[in-house]
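# Chains, contacts and geometry: an overview
What follows is each chain in one-letter form.
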Amino acid sequence: MHGGMKILWGLAAVLCAVAFGFVTGLLNPGEKVNGLWLVVAAVCFYVLAFRFYGRFLARRVLELNDARITPAHRLQDGTNFYPANKYVLFGHHFAAIAGAGPLLGPVLAAQFGFLPGFLWLVIGAVLAGAVQDFVILVASMRRNGRSLPEIAQDEIGAVTGTATAVAVLFIVVVALAGLGLAVVNALYRNAWGAFTIAMTIPIALLMGFYLQKFRPGRVGEMSALGVVLLIAAVIAGRLVGQSEVAGWFSFERPTLVWLLAGYGFLASVLPAWMLLVPRDYLSTFMKVGVVALLGLGVVVLAPTIEMPRLTGFVHGGGPIIPGSWFPFVFITIACGAISGFHALVSSGTTPKMIARESHAIVGYGAMLMESFVGVMALIAASVLMPGDYLAINSLLSPDALAAMGFPVARLDELSRLVEAEVAGRPGGAVSLAVGMASIFAGLPGMAHLMAYWYQFALLFEALFILTTIDAGTRVARYLVQEMGGRVYGPLRRINWWPGVILSSALVVGAWGYLIGTGSIATIWPMFGAANQLLGTLALCVGTTVLIKMGKVRYLWVTAAPMLFVGVVTLAGSYELFFLFAAKAGAAGGDEALALYLDAGLVGIVAVLAVVVLTDSARQWYGYIVQGRPYTSHEVIVGPGGVPLGGGTSAGGGVKLSIDRCC
C-alpha cells in the first residue's frame, strides 16, 4: 500500500472514530444525535472491514485461489451448477439473504433505544455474520456445493449432522412461513403492490432467457432491460391500482397463499438461470437503489434521531418486546447482524454458481450490505417521535403511552399524510414504511408524495421478503432431497425430476399450510432465537472446517463469535421457553396449545444446539489436544481437472503452490 492510500485509509479510520463518538454520546452527550452520523459511522466501518478484515480472511484464512476449478465448471449442468457473472452472483446472493429480518428486526429493537441495535448491527455483522457467510460459502464451494447439514455430517459426524439437519429443516420451514405471511399481509387487497410484484416474474424470465439464450454474456444490456421494465411496472402498478381493472389484482388472503405457493414451487423446480437468479438480480436493483436513496435522504436532510440512545425499557417491561435488552436485542435483530438462514444460502444456491474462487468474497460483502439495510431501517424508525413509534407498534392507547412517559405527538397527522390508519399496527412494517416515507417526503419536491412513498415502502418490504422465499424454498428442497436420499438413493440426485417435484411440493405445502392456518403468527417470536442458534451451529461447523484446513491459529475467527452468539441466544431461548409456558398457563384453548408448541419448539432447537456444540467440542479436543488424525472432505481440483484435494489427513489440506488471489 503506497503512502497516499495509507493517508486515505487513516482519514477514513479517524472519521469512523469521530462518527462513533457522536453516535455513542462520547461527543456532545447532552444533544440528540443526527442521523447523518449513524450513516457515516456505519459506512466507514464497513469499508474498513471489507478492505482489511475481509481481505485478511480471503488471503490468510481461506486462501482463495483462482487456479482451483470451482464446482460451477466441473459439475456444470445448466440447471443448478453453472458459472454466473460475479455481479449477477452478488445480486442473487444479496437478494436471497436479505429478507424481512434486516428491515423489521431493527425497527422492533428500537424499543430499547437506537444505540444497542446500532452497535450490534455494525459490529456483529463485521465480526460474526459476514464471517459465518464467507466461511460457509467457501467450505461448501470446496465440497461440491454441499449443504450445511451434509458438511456437518462429513466433517464432524453423524450425531452433529443429524441434529443440524433436523434443526435446519425446521427453521427453514418456519422462516419461509413467517416471511410468506408478511408478504400476504402486505399484498392483501393491494392491487398496486400485487401487480408490480407479479410483473417481476415475467420480467425475470425475459432477463434469464436474454442472458442465457438470446445475448449470452451481455450483462449490461440485460441489466438495462430489467431496470427499465421494473420502473415501468412500478409506475403501471399505481395506475392499475386506481383503474377499473384493480379488482383483478386485489386478492384475498387465501388466493395470495395459493399464488405465493405456486411461485415458490416454480422457483424451486425451474433452472436457476431461468427465474430464480434473474429475479433476485432484478430485485437487487430496487433493494440497493431504495436503500441508497434512503441513505441519500438522510445525508441531505440530516434528520434528528428522536428516539433516545437508551429507553426505560432496557430492563424489560416494554410494550413490543417484554424482555430486557440483553439478550433480546440480539434475538430481535434476527438477520441484520448474523443469521443462520444465510448459511443455508451460502451452502445452497450460491456455491454452485461461483465461477472463480475469488468471487466468493460476495459472501462477506453481501452481509455488510444487509447490515447497512438494517441501519437504514433503524434510522427510519428512530426519526419518528417515540410516542408515535410505540403507538404504531403496540395496541396501547395514547393515554397509556403518555403515562409511561411517551406521549403521542403526530400520529393523526401521519395517518392523514399517508392516507391510511397507522395506529395499532404492530410488527414493524408499518412504522418502517411511515419512517421511510417521512424521509423521502422531506427531499426537495417530494412533500406532496408522502402517501405514494408510504405505499412504495410497503412494496419495497414485500419485494425484499419474496426474494428470500424463492431462494429459501429451493434450499429447503435440496435439504429434503439430501435427507430423503439417506432412505432412497435416487432422491439425492438434485436433477432427478420426480424427486425435485415431490420435495418442492412437500416444502411449499408445509410453509403454505402454516400461512393458510395463520398459526405461524404465534410461532414467529421464537424464530429469532432459532435463527441465531442456527448461526451458532454454522460457526461451529466453520470452526471444524478451519481445523481441517490446518488453520488452528485462526480459530478465533469463528470460535469467538460462536461462543458469544451461542451464550446470548441460549440465554434468550431459556427466557422465551418460560415466557411462552407462563402465557400458555394463563391462556386457554387453541391459544394455549400454540404457546405450548412455541415453548416446545424453542426447547427442541436449543437442545439440538447444545448437542452439536458438545459433540463438536469433543472432536476439537481430540484433533487439537490429543493429536487424533482426521479426514477432510475438501475437493480441490487444479488446472486440467487434476484432483489435488479430498481425503487429506492431519496437518492441513493439500494446497496449490501458486500465488493466492485477492
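Along each chain, residue indices are assigned from 1 in the same order as the chain's sequence is written. Confidence filtering applies because this is a predicted model: local features only for residues at pLDDT of at least 70, side-chain atom pairs given and counted only at 80 or more, and all residues used for totals across whole chains, interfaces and linings. As a rule here, side-chain values come from all non-hydrogen atoms in the structure, and water together with hydrogens is ignored.

Within the protein chain, the regular secondary structure consists of 24 helices and 0 strands. C-alpha atoms of the protein chain, sized along the principal axes, occupy 70 × 65 × 55 Å. In this scheme, a residue with accessible area under 20% of its type's maximum is buried, one over 50% is exposed, and one in between is partly exposed, where area comes from a 1.4 Å probe on protein chains only. For the protein chain, buried positions account for 60% of its 662 residues. For the protein chain, the share of sequence-separated contacts (at least 6 apart) that also reach a separation of at least 24 residues comes to 81%. All accessibility values rest on the Shrake-Rupley procedure with a 1.4 Å probe; residue burial counts only the protein chains present in the view. For the protein chain, the accessible surface area stands at approximately 24000 Å², while carbon and sulfur atoms represent 68% of it. One way to put it: in the protein chain the 39 positive side-chain charges average out to a point 12 Å from where the 31 negative ones average out. For the purposes of this entry, the term helix denotes a DSSP run of H or I that reaches at least four residues, the term strand denotes a run of E that reaches at least two, and both are numbered from the N terminus. Contacts are assigned to residue pairs with any non-hydrogen atoms lying within 4.5 Å of each other. Charge convention: Lys and Arg are scored as positive, Asp and Glu as negative, and His as well as the terminal groups of each chain are ignored. Every charge is mapped onto a representative atom, which is NZ of Lys, CZ of Arg, CG of Asp or CD of Glu.

Definition used for salt bridges: Asp or Glu carboxyl oxygen within 4 Å of a side-chain nitrogen of Lys or Arg. Applying the stated criterion to the full structure yields 12 salt bridges. Between Glu-634 and Arg-142 there is a salt bridge, and its shortest N-O distance comes to 3.8 Å. One end of the pair, Glu-634, is in the segment after α24 (589-625); the other, Arg-142, is in the loop between α6 (114-141) and α7 (148-155), and 492 residues separate them in sequence. One network of salt bridges, in which partners are shared, links Arg-68, Arg-142, Glu-357 and Glu-634.

Take the packing of aromatic side chains next. For Phe, Tyr and Trp, rings pair up if their centres lie within 6.5 Å, where Trp contributes its six-membered ring, and each pair is then called stacked (planes under 30 degrees apart), edge-to-face (over 60) or tilted (otherwise). A complete count under the given rule lists 25 aromatic pairs for this structure. Judged by centre distance (6.0 Å) and plane angle (15°), the rings of Tyr-53 and Phe-56 are stacked. Of the two residues, Tyr-53 and Phe-56 are both situated in helix α2 (residues 35-61); the distance of 3 residues between them amounts to about one turn of the helix. Residue classification places Phe-56 among the partly exposed positions, given a relative accessible area of 21%. Residues Phe-330 and Phe-564 carry aromatic rings whose centres are separated by 5.5 Å and whose planes lie at 80° to one another, so their mutual orientation is edge-to-face. Here Phe-564 lies in helix α23 (residues 556-586) and Phe-330 lies in helix α13 (residues 325-332), a separation of 234 residues in the sequence. The class for Phe-330 is buried, based on a relative accessible area of 10%. Residue Phe-564 is classed as partly exposed on the basis of its relative accessible area of 38%.

With that settled, the discussion passes to the side chain of Ser-339. By the secondary structure assignment, Ser-339 is in the loop between α13 and α14 (340-346). Think of a polar contact as two N or O atoms within 3.5 Å of one another; within protein, one of them needs to be a possible hydrogen donor and the other a possible acceptor, and neighboring residues in sequence only count if both atoms come from side chains. Side-chain polar atoms of Ser-339 contact the side chain of Asn-531, separated by 3.1 Å. Discounting residues that sit within four places of it in the chain, Ser-339 has contacts with Gln-132, Asp-133, Ala-334, Asn-531 and Gln-532.

Simply put, the disulfide is a covalent bond whose two ends are the sulfur atoms of two cysteines. Cysteine sulfurs are considered disulfide-paired once they come within 2.5 Å of each other. In this structure the tally under the stated criterion is 0 disulfides. Looking at the unpaired Cys-16, the closest cysteine sulfur is the one in Cys-44, lying at 5.4 Å. We classify Cys-16 as buried; its relative accessible area is 7%.

Joining through side-chain atoms within 4.5 Å is the link that ties buried Ala, Val, Leu, Ile, Met, Phe, Trp, Tyr and Cys residues into a set, and such a set is a nonpolar core. Of all hydrophobic cores here, the largest spans 214 residues; its most connected members are Phe-118, Phe-134, Tyr-364 and Trp-511. By residue number, the principal contributor to this core is α6, which donates 18 residues. Setting aside its immediate chain neighbours within four residues, Phe-134 contacts Gly-54, Leu-57, Ala-58, Leu-62, Leu-64, Ala-360, Ile-361, Gly-363 and Tyr-364.

This part takes up the packing of helix α5 (residues 101-109) against helix α15 (residues 362-382). Fitting a line to C-alpha atoms yields each axis, with helices limited to the stretch in contact; the angle taken between N-to-C directions then spans 0 to 180 degrees. Following both chains from N to C, one finds α5 and α15 inclined at 40°, their axes separated by 8 Å at the closest point. The angle between the axes of α5 and α15 places the two elements in the oblique class. In the packing of α5 onto α15, the handedness of the crossing is right-handed. Within the contact between the two elements, α5 uses Pro-102, Leu-103, Pro-106 and Val-107 and α15 uses Glu-370, Val-373, Gly-374, Ala-377, Leu-378 and Ala-381. Basically, the charged four are Asp, Glu, Lys and Arg, the nonpolar ten are Ala, Val, Leu, Ile, Met, Phe, Trp, Tyr, Cys and Pro, and anything else, Gly included, counts as polar. Classifying every residue of the contact of α5 with α15 gives 8 nonpolar, 1 polar and 1 charged. Angle categories are assigned with fixed cut-offs, so that under 35 degrees is roughly parallel, over 145 is roughly antiparallel, 65 to 115 is roughly perpendicular, and the rest are oblique. The crossing is said to be left-handed when, going from far helix to near helix, the turn is anticlockwise and less than a right angle, and right-handed when the turn is clockwise.

This brings us to the environment of Ala-130. When you line up the elements, Ala-130 lands in helix α6. With 76 residues separating them along the chain, Ala-130 and Gly-54 place their C-alpha atoms 8.7 Å apart.

Further remarks concern α2. Residues lying three or four places apart along an α-helix face the same way, a consequence of the helix completing one turn every 3.6 residues. With 27 residues, α2 should cover 39 Å at 1.5 Å per step; its first-to-last C-alpha distance of 36 Å lies within 8% of that length. At Phe-50, α2 shows its largest bend, some 35°. For α2, the N-terminal cap is Asn-34; the gap from its side-chain oxygen to the backbone nitrogen of Leu-36 is 2.8 Å. Just downstream of α2 lies Glu-63, where phi reads positive at about 50°. Expected helix span is given by 1.5 Å per residue-to-residue step, counting one fewer step than there are residues. Note on bend: at a given residue it equals the angle between the axes fitted to the 7 residues ending there and to the 7 starting there.

What follows covers the environment of Pro-308. Summarising the element assignment, Pro-308 is placed in the loop between α12 (276-301) and α13. Since its relative accessible area comes to 30%, Pro-308 is described here as partly exposed. Put simply, Pro-308 and Val-33 are 275 residues apart on the chain and 8.8 Å apart in space, counted from C-alpha to C-alpha. With sequence-adjacent residues up to four places away left out, Pro-308 is seen in contact with Gly-113, Phe-114 and Pro-386.

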